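Now for the letters of each chain:
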Amino acid sequence: MSVERHIAEMLQQIARQQDIVEIAPQGSTPKAAVMAHVAEQYGYTYGMAYRTGFKNSLVQVRMYRDPQPDARVREAATITAHPQAGNGGTVPGLEPGSLKPLPEAVGAVAVLKDLIAFDVMALYVADRSQKVKGYLACAVLTVLLLIDRSPVEAVASGGAVALLLTVAFKVGAIRREKIAQRLTDAGLLAVRDEQGGQRFLRPGQQLPGHTNPFAA
């Protein structure tokens, strides 16, 4: 899908002043971060990100319409400055004809990239129950292998898979901790959502609700 079509589809949602805008570019987290930054210029704020689609190959970002007065001012200024965005004209924060952020937008896009990556990685950072399920699966695999292999081979194969799981869990946790530190250094605040998962919010922001991410 072309850059123009990506932007045009997102701006169509924004033009309808939807409370929630879904961004799902076919590509990497950096592309999603860039488009989220564009949406912010139109008065939206980052809500959450998750993987969806076939084999969880698609990163989807949910943006919420920011009801704060300064968001409406930002939106009006953006519409005035970029009247042809999504129709071949300039797009706020982006180099013409690309999804590459302008120098002044690089920092903001980097923060959004970390927010998206942190939320998306929650799927792969195992909690205690996930670890139990993973190691139980290794035990079942070992038992199944005992049917047509020697005990040594079966145990070795099951143990190898368990080792890979352990390494994957550890690497995922370390990567997420590094992202969390960068978000903290950027001034964001760590909170817990209703499911107990860790999230990061900008100062003064609350966890997104159905229509108002700042509702008390």
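Residues numbered from 1 in each chain as written. Predicted model: local features only at pLDDT ≥ 70, side-chain atom pairs only at ≥ 80, totals over all residues. Heavy atoms only, no water.

Just to check I follow, could you spell out the packing of aromatic side chains for this structure?
Two measures describe an aromatic ring pair: the distance that separates the ring centres and the angle between the ring planes. Applying the stated criterion across every chain yields a total of one aromatic pair. Pairing Phe 118 with Phe 200 gives two aromatic rings, centres 5.1 Å apart and planes at 85 degrees, and the pair type is edge-to-face. Taken together, the residues span a long stretch of sequence, with Phe 118 in helix α4 (residues 106-121) and Phe 200 in strand β5 (residues 198-201) at a distance of 82 residues. The same class applies to Phe 118 and to Phe 200, which are both buried. In this structure, Arg 176 packs its charged tip against the face of Phe 118, placed 3.7 Å from the ring centre. (Phe/Tyr/Trp six-rings, centres within 6.5 Å; stacked < 30°, edge-to-face > 60°. Helix = DSSP H or I, 4+ residues; strand = E, 2+ residues; numbered from the N terminus. Buried < 20%, exposed > 50% of the residue type's maximum accessible area, 1.4 Å probe, protein only. Lys NZ or Arg CZ within 6 Å of the ring centre and 35° of its normal.)

Quick question: what am I supposed to make of the nonpolar core here?
For soluble globular proteins, nonpolar side chains are generally found buried alongside one another. Residues Met 10, Ile 14, Ile 23, Tyr 46, Val 61, Met 63 and Ile 116 are the most contacted members of the largest nonpolar core, which totals 37 residues. Of all elements in the fold, only α1 (3-15), β1 (20-23), α2 (29-41), β2 (44-52), β3 (58-65), α4 and α6 (151-185) reach the threshold of two or more residues within this core. Non-local contacts of Ile 116, meaning those with residues more than four positions away in its chain, are made with Thr 29, Ala 32, Ala 33, Tyr 46, Ala 49, Val 59 and Val 61. (Core = buried A, V, L, I, M, F, W, Y, C linked by side-chain atoms within 4.5 Å. Contact = heavy atoms within 4.5 Å.)

Would you explain the sheet that holds β3 in this entry?
Working definition: the strands of a sheet are paired by backbone hydrogen bonds and lie parallel or antiparallel to each other. The strand order β1-β3-β2 describes an open sheet built from three strands, whose pairing is antiparallel. Both outer strands of the open sheet, β1 and β2, are each paired with one neighbouring strand and no more. On average, each strand axis in the sheet is tilted by 20 degrees relative to the strand beside it, whichever way the strands run. Across eight bridges, β2 lies against β3 in antiparallel orientation. By the bridge assignment, Thr 45 is partnered in β3 with Tyr 64. Against the sheet, α2 engages β1, β2 and β3, with an angle of about 15 degrees to β3. (Pairing = 2+ DSSP bridges. Axes fitted to C-alpha atoms, helices over the stretch in contact; angles between N-to-C directions.)

Explain the environment of Glu 194 to me, please; I cannot follow it from the model alone.
Looking at the secondary structure, you find Glu 194 in the loop between β4 (189-192) and β5. Residues Glu 194 and Leu 207 lie 13 residues apart in sequence; the distance between their C-alpha atoms is 9.4 Å.

I would appreciate a short explanation of the side chain of Glu 75 in the present structure.
Tracing the backbone shows Glu 75 in helix α3 (residues 69-81). Apart from residues lying up to four places away in sequence, Glu 75 is in contact with Gln 17, Gln 41, Tyr 42, Gly 43 and Arg 65.

Hey, could you run me through the packing of α2 against α4 in this one?
Between two packed helices, what matters for the description is the angle formed by their axes and the separation of those axes. Relative to each other, α2 and α4 sit at 120 degrees, their axes nearing to 8 Å. Between α2 and α4, the angle falls in the class oblique. The hand of the α2/α4 crossing is right-handed. Here Thr 29, Pro 30, Ala 32, Ala 33, Val 34, Ala 36, His 37 and Glu 40 of α2 lie close against α4, whose contacting residues are Ala 108, Val 109, Leu 112, Lys 113, Ile 116 and Ala 117. (Parallel < 35°, antiparallel > 145°, perpendicular 65-115°, else oblique. Left-handed = near helix turned anticlockwise from the far one by under 90°.)

Note that every value here comes from positions in space, so none of it alone points to a role or purpose.
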